[in-house]
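# A look at the structure
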Amino acid sequence: QVQLVESGGGLVQAGGSLRLSCAASGSIFSITARGWYRQAPGKQRELVATITNGGIRNYADSVKGRFTISRDNTKNTVDLQMNSLKPEDTAIYYCAAKTHDTPRYDYWGQGTQVTVSS
């Protein structure tokens, strides 16, 4: 089992920045990839960014050039640096992890709210 806890959400004006962090505990040795997803009101959950154990990063087109995913293996954390935020980035952001090579993520954090005002 893997436990994930997010931190760092909040309210920011458009054009501002926020940094989210996700701490993992439990069977972290089994994790093959970690990522961030988000869900806006009335919409489906969508991928934001992922990073594999080999350091391969993947971003949604809507955040490329503005968001950066990074990890610190000594702290078992994965961060999401969000710059040039837009009101459409408003959502609950979820940290995720998986322990296999299929696209499905198995473990999820409780979510952290990000609100971008115009």
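A short tour of the structure in this document, coming up. Treat the numbers as computed from the prediction; the structure is a model and nothing was measured.

Cut-offs and rules
Residues numbered from 1 in each chain as written. Predicted model: local features only at pLDDT ≥ 70, side-chain atom pairs only at ≥ 80, totals over all residues. Heavy atoms only, no water. Disulfide = S-S within 2.5 Å. Helix = DSSP H or I, 4+ residues; strand = E, 2+ residues; numbered from the N terminus. Buried < 20%, exposed > 50% of the residue type's maximum accessible area, 1.4 Å probe, protein only. Pairing = 2+ DSSP bridges. Axes fitted to C-alpha atoms, helices over the stretch in contact; angles between N-to-C directions.

### Some thoughts on the state of the cysteines
- One pass over the full model with this rule turns up one disulfide.
- Covalently, Cys-22 is tied to Cys-95 through a disulfide, its sulfur atoms 1.8 Å apart. When the S-S torsion is -75°, as for the bridge of Cys-22 with Cys-95, the disulfide is left-handed. Here the residue Cys-22 occupies a position in strand β3 (residues 18-26), and Cys-95 occupies one in strand β9 (residues 91-98), the gap between them amounting to 73 residues. As far as burial versus exposure is concerned, Cys-22 and Cys-95 are alike and both buried.

### Some points on unusual backbone geometry
- Positive phi values are uncommon outside glycine, yet Asn-76 reaches one of about 60°.
- In this structure, Asn-76 sits in the loop between β7 (67-72) and β8 (77-82).
- The class of Asn-76 is partly exposed, set by a relative accessible area of 25%.

### A few points about the sheet that holds β3
- Spatial ordering of the open sheet is given by β1-β3-β8-β7, a layout of four strands whose pairing is antiparallel. The outermost strands of the open sheet, each flanked by one partner alone, are β1 (2-7) and β7. When strand polarity is set aside, the average angle formed by the axes of neighbouring strands in this sheet is 20°.
- As paired elements, β1 and β3 share six bridges and run antiparallel to each other. Residue pairing across strands places Gln-3 opposite Ser-25, the latter belonging to β3.

### Section: the pairing of β7
- Pairing analysis gives six bridges linking β7 to β8, with the strands arranged antiparallel. Residue pairing in the sheet places Phe-67 in a bridge with Met-82 of β8.
- Counted along the chain from β7 to the antiparallel partner β8, the turn is four residues long, and its residue Asn-76 has a positive phi close to 60°.

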